Amino acid sequence: MTGSLDVLVLGGGVVGLSAALRLREAGRRVRLWSADAPEDTVSAVAGAFWYPYRAFPAERVDAWGSRTFGVLAELAAVPGSGVRMRPALELRHRPAADPSWAGGVPGFRHARPDELPPGYADGWAFTVPTADMPAYLRWLAGRFRAAGGEVERRRARSLEEARAAAPTVLNCTGLGARSLAGDASVFPIRGQVVRVENPGVERILLDQEHPEGITYVIPRSDRECVLGGTAEDGSWDAAPDPATARRILRLCAELEPRLAGARVLEHRVGLRPGRPEVRLEAEDFPDGSRVVHCYGHGGSGLTLSWGCAEEAVALAAATPP
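Residues numbered from 1 in each chain as written. Predicted model: local features only at pLDDT ≥ 70, side-chain atom pairs only at ≥ 80, totals over all residues. Heavy atoms only, no water.

1. Some thoughts on the nonpolar core
(1) Moving on: With 64 residues, the main nonpolar core has V9, F126, V128, Y136 and L170 as its most contacted residues.
(2) Moving on: Among the elements that take part in this core, helix α7 (residues 301-317) stands out by supplying 8 residues, more than any other.
(3) Moving on: Ranked by size, the runner-up nonpolar core spans 18 residues in total, among them L89, V201, L205 and V217. (Core = buried A, V, L, I, M, F, W, Y, C linked by side-chain atoms within 4.5 Å. Buried < 20%, exposed > 50% of the residue type's maximum accessible area, 1.4 Å probe, protein only. Helix = DSSP H or I, 4+ residues; strand = E, 2+ residues; numbered from the N terminus.)

Here's what the structure looks like:
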């Protein structure tokens, strides 16, 4: 272990960058290792908007999500952050009770009948933070470096190698934790999306119950929309499927007719890090080193990022028993 480094963060996605920045703000000497540039991480593929999705357990997720909502809402007023507040409408095929997270979203309400497209019986209308993820990740990395943090393009070969570099390690490697931490409960949730030019869409639309598969329209910025999608458990296939792309384009145009014929910019696949529960806990070793594990966020990386990062930072600061 080196005396010049307090904490080593593994993983350059949204959770790792958020934790690294909070550590620097707390005065810790921090370095971040990331095998990929921020724009090449799975976080960059996301739409992305604040919405708890495929992350457990609900009570911890709601608390982490509520904290993150507040931080992102503040960042929406910061020029250059890539974050902004947008209206959203989740469509339901039958009357639905409020979700567990509704109390943490100001202005959450059920949609009026005139707001629902034909064939839908209910819907939730709310306003949430969204992020142009490539821009937001660059902003986070820039803030971290400006605060004196160090970023190194490097893949950790083992936790032992990381522990040799710093007395405290934050393991924010997402799906990589399956091999790095030997955690067989981590699995991929394959998500395919299509980036298209934005024809003027300002509202997020989401139908998780569509019989042909989850469908969503996310205006990432005034220039582009992210259309999706899929949620395929256990699939490691990172290649976009043309038939799936055609289905995504067709279903999204049915939800938002202005998208019909929108120019396609890119096809992407991201492998979300699924796990039965988010792992956020400290692991102590006989040599006095500590590894704080923070991974398994499913489709809620952005949504839980600040809440989980701050709890991980608190664990990193705690004295091992």
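2. Overview of the packing of helix α1 (residues 14-25) against α7
(1) Moving on: Between α1 and α7, the shortest axis-to-axis distance is 8 Å and the interhelical angle comes to 40°. By the angle class used here, α1 and α7 are oblique. When the axes of α1 and α7 are compared, the crossing they make is right-handed. The residues of α7 that touch α1, namely those facing V14, V15, S18, A19, L21, R22 and L23, are G301, L302, S305, W306, A309, E310, V313 and A316.
(2) Moving on: When its residues are assigned to classes, the contact of α1 with α7 shows 10 nonpolar, 3 polar and 2 charged. (Axes fitted to C-alpha atoms, helices over the stretch in contact; angles between N-to-C directions. Parallel < 35°, antiparallel > 145°, perpendicular 65-115°, else oblique. Left-handed = near helix turned anticlockwise from the far one by under 90°. Contact = heavy atoms within 4.5 Å. Nonpolar A, V, L, I, M, F, W, Y, C, P; charged D, E, K, R; others polar.)

3. Observations regarding the pattern of salt bridges
(1) Moving on: Taken as a whole and judged by the stated rule, the model has 35 salt bridges.
(2) Moving on: Salt-bridge contacts for E25 lead to R143; the nearest nitrogen and oxygen are separated by 3.2 Å. Taken together, the residues E25 in helix α1 and R143 in helix α3 (residues 133-146) connect sequence positions 118 residues apart.
(3) Moving on: Relative accessible area serves as the criterion here: at 34%, R143 is assigned to the partly exposed category.
(4) Moving on: Here R250 makes a salt bridge to E254, at a shortest N to O gap of 3.7 Å. With R250 and E254 both in helix α6 (residues 242-255) and 4 residues apart, the pair spans about one turn of that helix. (Salt bridge = Lys/Arg side-chain N within 4 Å of Asp/Glu carboxyl O.)

4. Considering α6
(1) Moving on: With 14 residues, α6 should cover 20 Å at 1.5 Å per step; its first-to-last C-alpha distance of 20 Å lies within 8% of that length.
(2) Moving on: Residues of α6 that are buried include every one of T244, A245, R247, I248, L251, C252, A253 and L255, and no others.
(3) Moving on: Contacts made by the buried residues of α6 are with β3 (83-92), β8 (187-197), β9 (204-207), β10 (215-219), β11 (224-228) and β13 (264-274). (Expected span 1.5 Å × (residues − 1).)

5. Re the pairing of β10
(1) Moving on: For β10, a buried count of 5 out of 5 residues is recorded, marking the element as mostly surrounded by other parts of the structure.
(2) Moving on: Note: β9 against β10, 3 bridges, orientation antiparallel. Bridge assignment links L205 to a residue of β10, and that residue is V217.
(3) Moving on: Note: β10 against β11, 4 bridges, orientation antiparallel. When the sheet's bridge partners are listed, V217 is paired in β11 with L227.
(4) Moving on: Here β10 hands over to β11 after 4 residues, the two strands then running antiparallel side by side. (Pairing = 2+ DSSP bridges.)

6. Here we look at the side chain of S34
(1) Moving on: Here S34 shows up in strand β2 (residues 30-34).
(2) Moving on: Polar contacts involving the side chain of S34 include one to the main-chain amide nitrogen of G12, which spans 3.4 Å.
(3) Moving on: A distance of 2.6 Å separates a polar atom in the side chain of S34 from the backbone oxygen of D36.
(4) Moving on: Every residue in contact with S34, bar those within four places of it in the chain, is listed here: G11, G12, E152, R153 and R154. (Polar contact = N/O pair within 3.5 Å; in protein donor to acceptor, adjacent residues only side chain to side chain.)

7. Concerning the packing of helix α2 (residues 58-75) against α7
Helices that pack against each other are described as a pair by the angle of their axes relative to one another and the distance between those axes.
(1) Moving on: Running from amino to carboxyl end, α2 crosses α7 at an angle of 105°, the nearest separation of the two axes being 6 Å. The angle between α2 and α7 places the two elements in the roughly perpendicular class. Here α2 contributes R60, V61, W64, G65, R67, T68, V71, L72 and L75 to the contact with α7, which in turn contributes L302, T303, L304, S305, W306, G307, C308, E310 and E311.
(2) Moving on: Here the contact of α2 with α7 is composed, by residue class, of 9 nonpolar, 5 polar and 4 charged.

8. Side note on the environment of E212
(1) Moving on: Considering the arrangement of structural elements, one finds E212 in the loop between β9 and β10.
(2) Moving on: Residue E212 is classed as partly exposed on the basis of its relative accessible area of 39%.
(3) Moving on: In sequence terms E212 and G200 are 12 residues apart; their C-alpha atoms lie 26 Å from each other.
(4) Moving on: Beyond its immediate stretch of four places on either side in the chain, E212 contacts R247, R250 and L251.
(5) Moving on: Within polar-contact distance, the side chain of E212 engages the side chain of R250 at 2.6 Å.

9. Observations regarding the sheet that holds strand β6 (residues 150-153)
(1) Moving on: Overall, mixed pairing links the 6 strands, which are arranged β6-β2-β1-β7-β15-β14 in an open sheet. Looking at which strands have only one partner, the edges of the open sheet turn out to be β6 and β14 (279-284). Pairs of neighbouring strands in the sheet enclose a mean axial angle of 20°, with direction left out of account.
(2) Moving on: Note: strand β1 (residues 7-10) against strand β7 (residues 168-171), 4 bridges, orientation parallel. Pairing of L10 across the sheet is with N171, part of β7.
(3) Moving on: Against the sheet, α1 touches β1, β2, β7 and β15 (290-295), its axis set at about 170° to β2.

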